[in-house]
Number of protein chains: 2
Amino acid sequence: MTRIGLRGASALALALTVAVTPVLARDELKTLQADPNQWVMPLGNYASTRYSELSQINSSNVANLRVAWSFSTGVLRGHEGGPLVIGNMMYLHTPFPNKVFALDLSKDGAIAWQYEPKQDSKTIGVMCCDTVNRGVAYADGKIFLHQADTSVVALDAKTGKVVWSAVDGDPGKGETGTGAPAVVGNLVLIGNSGGEYGVRGALSAYDITTGKRVWRAFSQGPDSDTLMDPKKTTSMGKPVGKDSGMAGWKGDAWKLGGGTTWGWTSYDPETDLIYYGSGNPGTWNPAQRPGDNRWSMTIWARDAKTGMAKWVYQMTPHDEWDYDGVNEMILANQKVNGKDRKVLVHFDRNGFGYTLDRVTGELLVAEKYDPAVNWASSIDKKTGLPVRVKAYSTEANGEDVVSKDICPAALGSKDQQPAAYSPKTGLFYIPGNHVCMNYEPTKVAYVAGSPYVGANLTMFPPKGESNLGRFAAWDAGTGKVVWEVKEPFSVWSGVLATAGNVAFYGTMEGYLKAVDATTGKELYKFKTPSGIIGNVNTYTYNGKQYVAVLSGVGGWAAIGMAAGLTGDQEGLGAVGAYRSLSQYTNLGGTLTVFELPGGAQVASK
Amino acid sequence: MTRIGLRGASALALALTVAVTPVLARDELKTLQADPNQWVMPLGNYASTRYSELSQINSSNVANLRVAWSFSTGVLRGHEGGPLVIGNMMYLHTPFPNKVFALDLSKDGAIAWQYEPKQDSKTIGVMCCDTVNRGVAYADGKIFLHQADTSVVALDAKTGKVVWSAVDGDPGKGETGTGAPAVVGNLVLIGNSGGEYGVRGALSAYDITTGKRVWRAFSQGPDSDTLMDPKKTTSMGKPVGKDSGMAGWKGDAWKLGGGTTWGWTSYDPETDLIYYGSGNPGTWNPAQRPGDNRWSMTIWARDAKTGMAKWVYQMTPHDEWDYDGVNEMILANQKVNGKDRKVLVHFDRNGFGYTLDRVTGELLVAEKYDPAVNWASSIDKKTGLPVRVKAYSTEANGEDVVSKDICPAALGSKDQQPAAYSPKTGLFYIPGNHVCMNYEPTKVAYVAGSPYVGANLTMFPPKGESNLGRFAAWDAGTGKVVWEVKEPFSVWSGVLATAGNVAFYGTMEGYLKAVDATTGKELYKFKTPSGIIGNVNTYTYNGKQYVAVLSGVGGWAAIGMAAGLTGDQEGLGAVGAYRSLSQYTNLGGTLTVFELPGGAQVASK
């Protein structure tokens, strides 16, 4: 088990010595993210494809996979996200208290350093959907951590010492941190959480060297807050107009307007644009916030340096179901209607898979990726608006009335767990929920730091079905499901697709599964210590390919287990549907690393 | 991974339906403990050999071992003990809060039921050496749990429902439960913990059907308490005399006399005798308790039905070092001085390996099993007394004086982690510490429920060495070490020896290791999620052999990590020596189950 990490060690030396100036740091990440031997950002690369060129482990031999080593994090609640690998070091995070471990791959995963921030445990009380954290970011010899209490901390990647820290928000007002940072150029981008507490969403950019905030772009408010240009920023091809982030609201309601930004950020180096989504408007009671509630539920394209919005697309104006728009934006080239397009593909909580021209924001494809979706019959491609089905309109049915059998449930046909795209198969791999809900909007008053939800929910599988989850392959050029695998529980794990023609994902019972990327046929499964809601990553060390995943059940879907809740409507309605999960698994964070039997093999790249 | 458990299922049916009367229950366990396909008691069988006749996994193929599945317990502190396997069910326990899981092997380890007692968390405050629990016992369709708060609970093995519960002691006085129950006939035997709180040791027997206490045998006090016959109970071949359990004490000191019984109990069906050891006398300051302190530090042979003592052997009269006598008693047949003897072999905390005639209590062999031992030069075979070395006498050096470089340290050359005996090699396999100490006795006053320790300690490796642990093979007929493997930290894991000529043990960094049972050569290692202080077990399911072990670092040696202690003298002196352990592993309880690649194989038995 002694491994001599020459390649790894030299890569680390490179990573830690090169790029001390912002310009070089920008180049460094561009290079590193293209190296399949490392896993340098949560979604694998700037395009967020979660695709690896590695193919030592492939559809012919993945059945022989075995566990190489494992590591307990010592934290019990839901473990979202996954480890980074830079050179011979692996960087691993945990849910609250947000520990960070640097594991030395040249020493069998021994702990080179660990960091545990001091955070007020009261922060846990304002985290709606488990005390999750979706990972750390790397750049310029530093590891960036976004803590639950909103602190942004830069740690020396060699020593774990704090280089700088900044405060992004105020947990006293319900502002918390769960999303992974993203580094673009010399900026680390930080979203916020707290859409169930009347928090106003914002994406903020901090200088990676100094920690100074360079820009902040709110989801609502005047143009000076949203960083929109009334003439140049477009929506469905047209200028958004002056202060569009206030126009969609009655009075000052935008100030409590949600639209938080706790998902993922993608980046296109060609155009220097970043892409991310904003979440639900506050409250969940649509009657309390007349208007389009701009720019909640929106895909944003912004200039990476200035934060200025280039285009927006609001998927679910005046949301009535909590269909947050924060899911990842996957950047790819796709043939749409016979033309090669530079696209952005997004699987929204609302159950539609969107393909947009990522340069212009033009809506190309918008189709249901789960046939259960019933709140809208389709998306009008001209207006961009969903064609709503009145029976499932929680506003039409009214306050204090239970709207029944709405699909998907609030946690969406897919939540934050990131999909993957394989340029080899041309398919997108969707880790999906298959859950419907009853939804009762209720009046709620705003009190800073208190829940500002305004709805009672219960969740359950679609009528006549029993599976709460599905893993589906999607053609984004035509908007069609190619194949699907049913799962008893939501697939709440991020997918990995590889050049070995394998797609990996985890299940809430705890299985890591590998399927044939072309057919969906199951090739391998292994039961890890706990339910998997983490993202599967891959890397090489010493020329050999490894696959790594965090288990540790929790997250919104398993909030009942994670927080010990019991009533059907607790956990924002998730508890009831997932109650039987406790018959399969138990809390506890563990990293499991997989390999093929035998020693180091010739690297595929 | 679908396993059809015909053999397993029928064996369970047998286990759950046979033996509803005490007489049958006695027969049932006698039969089950001889079946290598199951693991029905913590130490594998009544003789406590931790030896398995299984040989599918053997020294030729163990290098191919891989993880079959894993299971997180959801509890963070030290996981001692190991799982039971009866039919197709596995029963797993945790440290405080003492959860019990029934895992269905026919359903890939899904949770058939779980039980979590309600216990006052204040109990944790009177547990000296982590909140450990060493396992559950099985008999008569019931699982027996000994909780931290001293409750003894019988659970229906099929449903997890409480059949009965009994209270063994009072945590308010420092009485706690950490030891595994043992079932002999229709009695479940329960020892107690709390030697650092002035608790008086006792072994108590409860009826497995009703939970009624049948007898209780104290370690000190009048004959009516100790269940000794002044004429028939012998020590070194002579009758002990009247009220011997009071004679070794000044005044009423025996009432706070320690001698707790938190180790293991063995049983010889031929003679109907049970064997166990008693712990340190209270306090750790020898000057405060003049006398032999009978019967602390004693090996006990008692009649299983009545509890009456047949013979005793006090290893360390008037202890000056906290060398508890609770370690397991291994029953075997050995050639000693050319004669075949029915022996009891015991590796005491004091560093001597004892071989006694288990029928008569005759002392046959007593030699150092760790060459570092220096507190005594030898054991006088005629008197049974250790020949003490004055320089290391903490009493001779006096109160408030630091006695230096005493070997072993208080946690012994071996602690409770059970050894194994292979009749195939004739060797005993010792999971050992290799630790010395400085020891300063101090005056202490008794306050019920408060620590009654009376000494300050620091621990470290023997001079000129750096390894704190060793794994050694021992010839109990001659009292000689045959080979040893050095380990950086104490080997705090129970050993498994098999007919496959393999010995398995775990390390505190988290490795499961397999060595050649004849030579000690390492054949396999795997890094589990956390440090291993659990005991390695084996069983078959559906004709295939599995090896199972709990990881989850803690216990006295790792109390610094488990309880977050930092000062060198904290944790009764263990913290300092083991501080670097946190560079290798982290808290978190996980079961890891190992197998050979491929499907079910022909069972060896």
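The structure this text deals with has already been given above.
Residues numbered from 1 in each chain as written. Chains lettered and ligands numbered in written order. Predicted model: local features only at pLDDT ≥ 70, side-chain atom pairs only at ≥ 80, totals over all residues. Heavy atoms only, no water.

### Let's talk about the overall build of chain A
Now for step 1: Scanning chain A from N- to C-terminus turns up six helices and 42 strands.
Now for step 2: Overall, chain A is about 65 × 55 × 50 Å in size when its C-alpha atoms are taken along their principal axes.
Now for step 3: Residues classed as buried in chain A amount to 70% of the 605 residues present.
Now for step 4: Of the contacts made within chain A by residues no fewer than 6 positions apart, 62% connect residues no fewer than 24 positions apart.
Now for step 5: With the model as given, the accessible surface of chain A reaches about 18,100 Å², and the carbon-plus-sulfur share is 53%. (Helix = DSSP H or I, 4+ residues; strand = E, 2+ residues; numbered from the N terminus. Buried < 20%, exposed > 50% of the residue type's maximum accessible area, 1.4 Å probe, protein only. Contact = heavy atoms within 4.5 Å. Areas by Shrake-Rupley, 256 points an atom, 1.4 Å probe, with all protein chains shown as cover.)

### Describing the state of the cysteines
Now for step 1: Taken as a whole and judged by the stated rule, the model has four disulfides over all chains.
Now for step 2: Here C407 of chain A connects covalently by a disulfide to C436 of chain A, the sulfurs 2.1 Å from one another. Taking the sign of the torsion about the S-S bond as the criterion, the disulfide between C407 of chain A and C436 of chain A, at about 100°, is right-handed. Linking C407 of chain A in the loop between strand 28 (403-406) and strand 29 (420-422) with C436 of chain A in strand 31 (residues 436-441), this pair joins segments that are 29 residues apart in sequence. Just as C407 of chain A is buried, C436 of chain A falls in that class too.
Now for step 3: A disulfide bridge connects C128 of chain B with C129 of chain B, and the sulfur atoms are separated by 2.1 Å. Between C128 of chain B and C129 of chain B, the disulfide has an S-S torsion of -105° and is therefore left-handed.
Now for step 4: Residue C128 of chain B is classed as partly exposed on the basis of its relative accessible area of 29%.
Now for step 5: The disulfide pattern of chain A is 1-2, 3-4 when the bonded cysteines are numbered in sequence order. (Disulfide = S-S within 2.5 Å.)

### Concerning the interface of chain B and chain A
Now for step 1: On the side of chain A, 34 residues touch chain B, which itself brings 34 residues to the contact.
Now for step 2: Carbon and sulfur atoms make up 51% of the surface buried where chain B meets chain A, a total of about 2,500 Å² over both sides.
Now for step 3: The tally of links from chain B across to chain A stands at zero salt bridges.
Now for step 4: Seen at the junction of chain B and chain A, the total is 16 residue pairs in polar contact (both at pLDDT 80 or more).
Now for step 5: Listed by contribution, the elements that provide at least two residues to the side of chain B that touches chain A are strand 2 (66-72), strand 7 (110-115) and strand 38 (522-527) of chain B. (Buried area = accessible area lost by both parts, 1.4 Å probe. Salt bridge = Lys/Arg side-chain N within 4 Å of Asp/Glu carboxyl O. Polar contact = N/O pair within 3.5 Å; in protein donor to acceptor, adjacent residues only side chain to side chain.)

### Quick look at the relation of the copies chain B and chain A
Now for step 1: Structural alignment of chain B on chain A gives an RMSD of 0.0 Å, achieved by rotating through 180° and translating 0.0 Å along the axis. Between the two chains, the operation in question is that of a two-fold axis.
Now for step 2: A symmetric contact is evident, with 100% of the interface residues of chain B recurring at the interface of chain A. (Least-squares fit on C-alpha atoms with pLDDT ≥ 70 in both.)

### As for the packing of aromatic side chains
Now for step 1: The final tally for this structure, using the stated rule, is 54 aromatic pairs over all chains.
Now for step 2: An aromatic cluster is present here, built from Y313, W321, Y323, F352, Y354 and W375 of chain A joined pairwise through their rings.
Now for step 3: If you follow K525 of chain A out to its NZ or CZ, it ends over the ring of Y511 of chain A, 4.4 Å from the centre.
Now for step 4: Sitting above the plane of the F218 of chain B ring, R200 of chain B keeps its charged end 3.7 Å from the centroid. (Phe/Tyr/Trp six-rings, centres within 6.5 Å; stacked < 30°, edge-to-face > 60°. Lys NZ or Arg CZ within 6 Å of the ring centre and 35° of its normal.)

### Here we look at the side chain of R200 of chain B
Residue and element names in this part refer to chain B.
Now for step 1: With respect to the helices and strands, R200 occurs in the loop between strand 13 (187-190) and strand 14 (202-207).
Now for step 2: R200 gets classed as buried once you look at its relative accessible area, which sits at 16%.
Now for step 3: Only 3.0 Å separates the side chain of R200 from the side chain of D225, close enough to count as a polar contact.
Now for step 4: With residues up to four places along the chain from it excluded, the contact list for R200 reads N192, F218, Q220, G221, D225, W254, K255 and G258.

### Regarding the sheet that holds strand 29 (residues 420-422) of chain B
Residue and element names in this part refer to chain B.
Now for step 1: Pairing is antiparallel across the open sheet formed by four strands, whose spatial order is 29-30-33-34. The outermost strands of the open sheet, each flanked by one partner alone, are strand 29 and strand 34 (480-487). Strand-to-strand twist across the sheet, computed as the mean angle between neighbouring axes with direction ignored, equals 20°.
Now for step 2: Bridging between strand 29 and strand 30 (residues 427-433) involves three bridges; their strand directions are antiparallel. Considered in strand 30, the bridge of S422 is made with L427. (Pairing = 2+ DSSP bridges. Axes fitted to C-alpha atoms, helices over the stretch in contact; angles between N-to-C directions.)

### Regarding the sheet that holds strand 6 (residues 100-104) of chain B
Residue and element names in this part refer to chain B.
Now for step 1: Reading across the sheet, the four strands line up as 4-5-6-7 and stay open at both edges, with antiparallel pairing between neighbours. Only two strands of the sheet have a single neighbouring strand rather than two, namely strand 4 (84-86) and strand 7. Shown here is a sheet whose adjacent strand axes are inclined to one another by a mean of 20°, direction ignored.

### With respect to the pairing of strand 5 (residues 89-93) of chain A
All names here are of chain A.
Now for step 1: Summarising burial for strand 5: five of the five residues are buried, a large majority.
Now for step 2: Along strand 5, one buried face is formed by M89, Y91 and H93 and the opposite face, lined by M90 and L92, is buried too.
Now for step 3: Sheet topology places strand 4 (residues 84-86) next to strand 5; three bridges connect them, and they run antiparallel. Each residue of the ladder has a partner; that of V85, found in strand 5, is M90.
Now for step 4: Between the end of strand 4 and the start of strand 5, which pair antiparallel, lie two residues, with G87 showing a positive phi angle near 60°.
Now for step 5: As defined by bridge partners, strand 5 adjoins strand 6 (residues 100-104) across five bridges and the pair is classed as antiparallel. Counterpart to M90 in the pairing with strand 6 is L103.
Now for step 6: The turn joining strand 5 and strand 6, which pair antiparallel and follow one another in sequence, is formed by six residues; a positive phi near 60° is taken by N98.

### Points about the pairing of strand 30 of chain B
All names here are of chain B.
Now for step 1: Burial analysis of strand 30 places seven of its seven residues in the buried class, the great majority of the element.
Now for step 2: The alternating pattern of strand 30 places L427, Y429, P431 and N433 on one face and F428, I430 and G432 on the opposite face, and all of these are buried.
Now for step 3: Counted between consecutive antiparallel strands, the loop separating strand 29 from strand 30 contains four residues, among which G426 sits at a positive phi close to 75°.
Now for step 4: In this sheet, strand 33 (residues 469-475) lies alongside strand 30 in antiparallel orientation, the contact comprising six bridges. In the sheet register, Y429 faces strand 33, and the bridge partner there is A473.

### Some thoughts on the nonpolar core
Now for step 1: Core analysis: the largest hydrophobic core is formed by 153 residues, its most contacted members being Y91 and F504 of chain A together with W69, Y91, F504, Y539 and L591 of chain B.
Now for step 2: Take this core: its biggest share by element is five residues, from strand 41 (residues 544-551) of chain B.
Now for step 3: Beyond its immediate chain neighbours, meaning those up to four positions away, L591 of chain B contacts W69, S70, F71, P83, M90, L92, L103, A548, V549 and L550 of chain B.
Now for step 4: Residues Y275, I299, V553 and W556 of chain A belong to the second largest nonpolar core, which totals 54 residues. (Core = buried A, V, L, I, M, F, W, Y, C linked by side-chain atoms within 4.5 Å.)

### Section: the environment of G279 of chain B
All names here are of chain B.
Now for step 1: Along the chain, the position of G279 falls in the loop between strand 19 (273-277) and strand 20 (298-303).
Now for step 2: Judged by relative accessible area, G279 falls into the buried class, the value being 0%.
Now for step 3: In sequence terms G279 and T298 are 19 residues apart; their C-alpha atoms lie 7.4 Å from each other.
Now for step 4: Those residues in contact with G279, other than ones at most four positions away along the chain, are G259, T260, S296, M297, D324, G325 and V326.

### A word on the pattern of salt bridges
Now for step 1: For the structure on display, the rule yields 58 salt bridges over all chains.
Now for step 2: Note that R216 of chain A is salt-bridged to D168 of chain A, the shortest N-O span being 2.9 Å. Of this pair, R216 of chain A sits in strand 15 (residues 213-218) while D168 of chain A sits in the loop between strand 11 (162-167) and strand 12 (182-184), and the two are 48 residues apart along the sequence. Residue R216 of chain A shares its accessibility class with D168 of chain A, and that shared class is buried.
Now for step 3: Close ionic contact of R341 of chain B with E362 of chain B constitutes a salt bridge, the shortest N to O distance being 2.7 Å.

### Some remarks on the side chain of T283 of chain A
All names here are of chain A.
Now for step 1: In this structure, T283 sits in the loop between strand 19 (273-277) and strand 20 (298-303).
Now for step 2: Among the polar contacts listed, one links the side chain of T283 to the backbone nitrogen of N285, at a separation of 2.7 Å.
Now for step 3: Beyond its immediate chain neighbours, meaning those up to four positions away, T283 contacts Q288, R289, V444, Y452, V453 and G454.

Purely geometric stuff here, so don't read any function into it on its own.
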